[in-house]
Amino acid sequence: MTKIYHADLWGSREDKYRYLQEHDVTTVEWTEIFPQSPFYLFCPQNTDLLTEYNSGWKITEIMPVHVYGFKSHRDHYAIDFDANALKHRIDELVKISILDDPIYSSKHNLGSWDYKSASQALSKQKDYLENLDLCAYRPFDNRPMFYSSLIMDRIRPALKRHLFKKNNFCLVCSRQISHLEYKHFFVSDLVPNDCLISNITKESNHNFPLYLYPDTANQQGNLFVEKSPNLSSDFITAIREKLSYIPTPEAIFYYIYAIFHSPTYRQRYAEFLKIDFPRVPLTSNDKLFKDLGAKGQELVDLHLMKSNKLNNLITKIGGDGDNAVTEVTYKPKEQRVYINKTRYFEGIAPDVWEFKIGGYQVLSKWLKDRNKAKRTLSFDELLHYQKVVVALKKTMELMEEIDQLIPSFPIE
């Protein structure tokens, strides 16, 4: 019978060379491992916790319809900070005779894209501006986009059907990650970009809409004409057996969102979260289900920027000069984030400044993107950033409260 062994070697390159010179296959301290289906990983795993983790419901088994975020392949053209600038750009594409304009492509850095065909097709649409809307571009960073397959390469039709200008929201997560810690959970009520929670290809986000809308564009709405929950019949049966009733789709979503924000859940199942879609443990304790759901709803409201708590600002804006973002510097002792040499936000604790969603350090990423774009922050942007600080601080508090509610893992 074939046996498989594993060994790790950590240290500097020089230490590794020295070790390899002094050892061979017979003197290395090997550990026998037992790879299991379906991944057959050639590394040690805690099989006791794996059995426990696998007893939960994989999110794809709960919410079967899911899709990657959209890719425009020309974000600089299809997405903007300023809705008016984007509208002007599209109007220019449609209404100005650009077919003979030799500088249009270079002016907008369009490369080999066939913008002329897009111009001709859009000029035939009387309502082409209906494609303008906000998208979820990065955490807490919604930006105007022109959401059309004539402008973008991969709009993901399912996203357009279920989320574009719809009364809906979706769970955002990654199937696998490259980082050591899984922090790749978020929520959006807008169409999500594929790099919403990470710009690493392996970590592209999958989006699970809570409700599904009929495909009226292709006249395939005869099976149902109203939105329907994106919840599998098997899962509905399972949760009814656990709780003796069927909760609302929103209640289920909030419970799941709370579980995914438990620090203990993330730490306990860290090695499994890195390799496949997350799993959800169900409880038969109705009070625990509802208490966790309440915390999950608070998180969703914070992350969608709809919570009244966001109005209780904990930061101040100080310093002289304008609000141009020219350099981003954090000074932990003063708890200040400078956006240029003199202007700053004050009252941002180090743990809030360092808080990550997915692969992004949220507060740093938001400012650095605007630094790159050479933006001067408006009043609304200054206020928004201060509200994001509140959202992150409250998120950290709620995560600890969620852990306090859960008596132990596995959840009973």
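Residues numbered from 1 in each chain as written. Predicted model: local features only at pLDDT ≥ 70, side-chain atom pairs only at ≥ 80, totals over all residues. Heavy atoms only, no water.

1. Section: the pairing of strand 6 (residues 141–146)
Argument step 1. In terms of burial, strand 6 is a largely internal element, five of the six residues being buried.
Argument step 2. By the bridge criterion, six bridges tie strand 5 (residues 132–138) to strand 6 in an arrangement that is antiparallel. Across the sheet, residue C135 finds its bridge partner in strand 6, namely R143.
Argument step 3. Between strand 5 and strand 6, which pair antiparallel one after the other, the connecting turn spans two residues, and F140 there sits at a positive phi close to 60°. (Buried < 20%, exposed > 50% of the residue type's maximum accessible area, 1.4 Å probe, protein only. Helix = DSSP H or I, 4+ residues; strand = E, 2+ residues; numbered from the N terminus. Pairing = 2+ DSSP bridges.)

2. Details of the side chain of H206
Argument step 1. Along the chain, H206 falls in strand 10 (residues 205–209).
Argument step 2. Looking at H206, the relative accessible area reads 7%, which means it is buried.
Argument step 3. There is a polar contact of 3.3 Å between the side chain of H206 and the side chain of H66.
Argument step 4. When near neighbours in sequence (up to four residues on either side) are disregarded, H206 contacts H66, V67, Y68, L171, V172, C173, R175 and F277. (Polar contact = N/O pair within 3.5 Å; in protein donor to acceptor, adjacent residues only side chain to side chain. Contact = heavy atoms within 4.5 Å.)

3. Let's talk about the sheet that holds strand 7 (residues 170–174)
Argument step 1. The strand order across the open sheet formed by four strands is 4-10-7-8, and the pairing between neighbours is antiparallel. The open sheet has two edge strands, strand 4 (67–68) and strand 8 (185–188), and neither has a second partner.
Argument step 2. Inspection of the sheet shows strand 4 paired to strand 10 by two bridges, in the antiparallel sense. Bridged to V67 within strand 10 is N207.
Argument step 3. Across the sheet, helix 10 (residues 249–260) touches strand 7, strand 8 and strand 10, and the angle it forms with strand 8 is around 150°. (Axes fitted to C-alpha atoms, helices over the stretch in contact; angles between N-to-C directions.)

4. What to know about the environment of F208
Argument step 1. By the element assignment, F208 lies in strand 10.
Argument step 2. Here the alpha-carbon distance between F208 and M63, two residues 145 residues apart in the chain, equals 6.4 Å.
Argument step 3. Excluding residues within four positions of it along the chain, F208 makes contact with I59, T60, M63, V65, H66, F169, C170, L171, C173, N230, F253 and F277.

5. Structural notes on the side chain of N168
Argument step 1. Inspection of the secondary structure assignment puts N168 in the loop between helix 8 (157–163) and strand 7.
Argument step 2. For N168, a relative accessible area of 5% corresponds to the buried category.
Argument step 3. Of the polar contacts made by the side chain of N168, one reaches the backbone oxygen of H162; its length is 2.9 Å.
Argument step 4. Of note is the side chain of N168, whose polar atom sits 2.7 Å from the backbone oxygen of Y211.
Argument step 5. Not counting the four nearest positions on each side in its chain, N168 is found in contact with H162, L163, D189, P209, L210, Y211 and Y213.

6. Regarding helix 5 (residues 83–95)
A turn of α-helix holds 3.6 residues, and therefore any two residues three or four places apart point the same way.
Argument step 1. With 13 residues, helix 5 ought to run about 18 Å at 1.5 Å a step, and its terminal C-alpha atoms sit 18 Å apart, in line with that.
Argument step 2. Residues L86, R89, I90, D91, E92, L93 and V94 constitute the buried set of helix 5.
Argument step 3. Close packing links the buried residues of helix 5 with helix 4 (75–78), helix 6 (104–107), helix 7 (115–122), strand 5 and strand 6. (Expected span 1.5 Å × (residues − 1).)

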